[in-house]
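Secondary and tertiary structure notes
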Amino acid sequence: MLIFTEQELKQYVQLNQEAVNVVEDAFTKLSQNDVKMPPIMRVDLDDQNGEVDVKTAYIKDKEMFAIKISSGFFNNYQLGLPSGNGMMILISTQTGVPEAILLDNGYLTDVRTAAAGAVAAKYLSKKTIETVGVIGTGSQSRFQLRALSLVRNFHKVLVYGRSSERAQEFAVEMSAELGIEVVAVSNAETVVRNSDTVITTTPAKEPVIKAEWLHPGLHITAMGSDAEHKQELEAEVLAMADLLVCDTKAQCARLGELHHALSKGVLTEKSPIIEMGELTSLKVEGRANDEQITVCDLTGTGVQDTAIALFAYKEMKKRNLGLNIEGSDMLLKN
């Protein structure tokens, strides 16, 4: 068994066009029924404002598949810690033997989630955009901006967060990194009304975007809602969309923004809803003009985890990295 550390993975597995392509291909395979993906298992630790998810998927003809354990503890910022953490295990599809452990502490989840955001923007955002809005100031919001810059050029960013201090820190850091103007604003409405593309990355339990703020040409990628109690968008936002896209309809109907729209009755199971893989496989057209309002609901899928874990494994193996632990060594230590 090979063990890869967070430091190694961060050094050699980057959020780049290749990573975006890997995730895009995973969505295509999902739409082509080449993936076995069970529902997410989740443990909620309400008294700690935390949760732990287990996600997995088998992609046909791959030699390994991943099982990912990921946590989100949303008070961690008070301790100076990131909210996300976790690890991935790669298991042989021939023997069931664990082949590798990726001790990424949530880094690969950040990469694959951001890559999915880039894929969404590729098909749904206007080709020419001036201003990007970000709601949320954690690590994923930073990854999302980096990912978006791989598929779209933009010149200004508006950011809003519950903590004005953290929003200002975000603005300073990302302005220096991207070489563009990044401005912290005092409310979410300012972000939405003045942006071409908006990304939400919060664990909000009440909507942070209202339908009345929407305008022609707007694209929203919402990825914070991955549990029944989370919601970033008013249900009516989804009803107003000319194109509504989900990573998977079944999962979004259970855990995502779609869940709230269905529960409130503003959408039904017969409403026109597109899956991401239908866009990436070119079965369905994405944005058709600059007037459409588009929304993408991302809950995070096991197929993304297997795809990014296999990509990381390949990058590590070709550099002969990782700690090799023999089975006999483990038995002796036990």
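The preceding data block contains the structure.
One structure accompanies this document, and this report is about it. (Residues numbered from 1 in each chain as written. Predicted model: local features only at pLDDT ≥ 70, side-chain atom pairs only at ≥ 80, totals over all residues. Heavy atoms only, no water.)

1. A short note on the overall build of the protein
- When helices and strands are counted, the protein shows 12 helices and 16 strands.
- Against the globule reference of 20 Å for 334 residues, the protein gives a C-alpha radius of gyration of 19 Å, in line with a compact fold.
- Here the C-alpha coordinates of the protein stretch approximately 65 × 45 × 40 Å along the principal axes.
- Taking all 334 residues of the protein together, 54% fall into the buried category.
- Look at the contacts in the protein between residues 6 or more apart in sequence, and 72% of them connect residues 24 or more apart.
- Summed over its atoms, the accessible surface of the protein is roughly 15000 Å², and 50% of this surface lies on carbon and sulfur atoms.
- Here the protein contributes 33 positive and 45 negative side-chain charges, whose respective centroids are spaced 3 Å apart. (Helix = DSSP H or I, 4+ residues; strand = E, 2+ residues; numbered from the N terminus. Rg over C-alpha atoms; globule rule 2.2 N^0.38 Å. Buried < 20%, exposed > 50% of the residue type's maximum accessible area, 1.4 Å probe, protein only. Contact = heavy atoms within 4.5 Å. Areas by Shrake-Rupley, 256 points an atom, 1.4 Å probe, with all protein chains shown as cover. Lys, Arg positive; Asp, Glu negative; His and termini not counted. Charge placed at Lys NZ, Arg CZ, Asp CG, Glu CD.)

2. As for the sheet that holds strand β13 (residues 243-246)
- If you trace the 8 strands from one edge of the open sheet to the other, you get β10-β9-β8-β11-β12-β15-β13-β14, paired in parallel fashion. Where the open sheet ends on each side, the last strands, each with one partner, are β10 (181-184) and β14 (274-275).
- Sheet analysis places strand β8 (residues 131-135) next to strand β9 (residues 156-160), joined by 5 bridges and oriented parallel. Bridged to Thr131 within β9 is Lys156.
- Together, β12 (219-222), β13 and β15 (294-297) form the strand contacts of helix α3 (residues 107-124), whose direction differs from that of β12 by roughly 160°. (Pairing = 2+ DSSP bridges. Axes fitted to C-alpha atoms, helices over the stretch in contact; angles between N-to-C directions.)

3. Some thoughts on the layout of surface pockets
- Each pocket or cavity is described by its volume, and for the second largest pocket that value is around 310 Å³.
- Around the second largest pocket, the lining is made up of 15 residues, and of these Lys62, Ala307, Leu310, Phe311 and Lys314 lie nearest the centre.
- Listing elements by their share of the lining of the second largest pocket, those giving two or more residues are α2 (17-31) and α11 (302-317).
- Considering only residue class, the lining of the second largest pocket consists of 8 nonpolar, 1 polar and 6 charged. (1 Å grid on protein atoms, 1.4 Å probe; cavity = no way out; pocket = protein on both sides within 12 Å on 5 of 7 lines; lining within 4 Å. Points joined across faces, edges and corners; volume = space filled by probe spheres on them. Nonpolar A, V, L, I, M, F, W, Y, C, P; charged D, E, K, R; others polar.)

4. Some words on α11
- Here α11 is 16 residues long and its end C-alpha atoms lie 22 Å apart, about the 22 Å a rise of 1.5 Å per residue gives.
- Burial runs high along α11: 14 of the 16 residues are buried. (Expected span 1.5 Å × (residues − 1).)

5. Observations concerning the state of the cysteines
- The tally for this structure, following the rule as stated, stands at 0 disulfides.
- Free cysteine: Cys296, not disulfide-bonded; nearest cysteine sulfur from Cys246 at 7.4 Å.
- Under the relative-accessibility criterion, Cys296 is labelled buried at 0%. (Disulfide = S-S within 2.5 Å.)

6. Digging into unusual backbone geometry
- In the Ramachandran plot, Asn49 falls in the positive-phi region, its phi being about 50° despite a non-glycine side chain.
- Within the secondary structure, Asn49 is located in the loop between β3 (41-45) and β4 (50-59).

7. A look at empty space enclosed by the protein
- If you walk through the whole model with that rule in mind, you get 1 cavity of 30 Å³ or more.
- The computed volume of the largest cavity comes to approximately 40 Å³.
- Of all elements in the fold, only α3, α4 (139-151), β11 (197-200) and β12 reach the threshold of two or more residues within the lining of the largest cavity.
- In terms of residue count, the dominant contributor to the lining of the largest cavity is α3 (4 residues).
- Partitioning the lining of the largest cavity into residue classes produces 6 nonpolar, 5 polar and no charged.

8. Quick notes on the packing of α3 against α11
- At their nearest, the axes of α3 and α11 sit 10 Å apart, and the two run at 115° to each other. The element α3 and its partner α11 pack so that their crossing is right-handed. Seen from α3, the contacting residues are Leu108, Thr109, Val111, Arg112, Thr113 and Ala116; seen from α11, they are Gln304, Asp305, Ile308 and Ala312.
- Here the residues of the contact of α3 with α11 are counted per class, giving 5 nonpolar, 3 polar and 2 charged. (Left-handed = near helix turned anticlockwise from the far one by under 90°.)

9. Focus: the packing of aromatic side chains
- This model, assessed by the stated rule, comprises 2 aromatic pairs.
- An angle of 75° between the planes, with centres 6.1 Å apart, marks the rings of Phe4 and Tyr313 as edge-to-face. In this pair, Phe4 is assigned in strand β1 (residues 2-5) and Tyr313 in helix α11, connecting sequence segments 309 residues apart. Each member of the pair, Phe4 as well as Tyr313, carries the same accessibility label: buried.
- Aromatic side chains Tyr107 and Phe143 sit 6.1 Å apart centroid to centroid with 65° between the ring planes, which places their arrangement in the edge-to-face category. Of this pair, Tyr107 sits in helix α3 while Phe143 is found in helix α4, placing the two residues 36 residues apart along the sequence. (Phe/Tyr/Trp six-rings, centres within 6.5 Å; stacked < 30°, edge-to-face > 60°.)

10. Remarks on the nonpolar core
- Core analysis: the biggest nonpolar cluster contains 59 residues, and Leu90, Leu102, Leu108 and Val132 have the highest contact counts within it.
- Top element by residues in this core is α3. It accounts for 12 residues.
- The residues touching Leu108, leaving out its near neighbours within four places in the chain, are Leu9, Val13, Met88, Leu102, Ile308 and Ala312.
- In terms of nonpolar packing, the next biggest core, distinct from the first, is built from 30 residues, Ile209, Leu214, Val237 and Ile293 among them. (Core = buried A, V, L, I, M, F, W, Y, C linked by side-chain atoms within 4.5 Å.)

Interpretation in functional terms is not warranted from these geometric data alone.
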